[in-house]
Amino acid sequence: SEEVATNPINAYGFSKALGEDLVIKNNPDSLIVRCNFFGWGPSYKSSFSDFIINNLSRNTKIRLASDYYYTPSSTSGLVESINSLISRDAEGIFNVVGSERISKYEFLKWQLVNGQWNVDEADINTIMARFDVLNTNKDLYLDLVEMVSD
């Protein structure tokens, strides 16, 4: 949850933790949002969703990790939650994420089942992520307790 101490294992994680610490130190009344979201990326950088759609629309098979977990929220859900926090004058650290912990592979399967994307399941292969090579956490799950209880 938001109260759990950070434990970064790579440069990206250290930079995020340092950023949070500096914001809190310089503005204790600030609002910090931790999030996992999906949606279209900006033109200069493809998002995870862009990667899936772009490859599958070109009939390129993709491989997604079945052991790399996160709690995705749609960009529209993220914006709605942040607006709610701002309207309440919320302060502190909030995890703004989806309610389900799923793998990257399960995420795509969920999108297919719900008719979000029209792709051929034969073009999707599952893999096990190489966390020793990636130097990242296997589980990017964020707890949603704070947002649900408020």
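Everything numeric in this text was worked out from a predicted model, so none of it was measured.

Enquirer: Account for the pairing of strand β1 (residues 31-35), naming residues and giving values.
Expert: Residues I32 and R34 point to one face of β1 and are all buried, whereas L31, V33 and C35, pointing to the other face, are not buried. Taken together, the five bridges between β1 and strand β6 (residues 92-96) define a ladder with parallel strand orientation. Pairing of I32 across the sheet is with I93, part of β6.

Enquirer: Run through the environment of Y70, naming residues and quoting values.
Expert: Tracing the chain through its elements places Y70 in strand β4 (residues 69-70). By relative accessible area, which is 4% here, Y70 ends up buried. Between the alpha carbons of Y70 and E100 there is a distance of 8.2 Å; along the sequence they are 30 residues apart.

Enquirer: Explain the pattern of salt bridges to me, using residue names and the numbers behind them.
Expert: Scanning all chains against the criterion turns up one salt bridge. The partner of R34 in a salt bridge is E20, and the shortest N-O contact between them spans 2.7 Å. Of the two residues, R34 sits in strand β1 while E20 sits in helix α1 (residues 11-26), which places them 14 residues apart along the sequence. With respect to burial, R34 and E20 carry one shared label: buried.

Enquirer: Describe in detail helix α3 (residues 75-87), supporting the description with residues and values.
Expert: With 13 residues, α3 should reach 18 Å at 1.5 Å per residue; the first-to-last C-alpha distance of 18 Å fits that figure. Within the sequence span of α3, burial applies to L78, S81 and L85. For α3, the buried positions fall inside an angular range of 70° around the axis, keeping them on one side. Of the exposed residues in α3, those oriented more than 90 degrees away from the buried face are S76, E80 and S87.

About the criteria used
Residues numbered from 1 in each chain as written. Predicted model: local features only at pLDDT ≥ 70, side-chain atom pairs only at ≥ 80, totals over all residues. Heavy atoms only, no water. Buried < 20%, exposed > 50% of the residue type's maximum accessible area, 1.4 Å probe, protein only. Helix = DSSP H or I, 4+ residues; strand = E, 2+ residues; numbered from the N terminus. Pairing = 2+ DSSP bridges. Salt bridge = Lys/Arg side-chain N within 4 Å of Asp/Glu carboxyl O. Expected span 1.5 Å × (residues − 1). Arc of directions from axis to C-beta.

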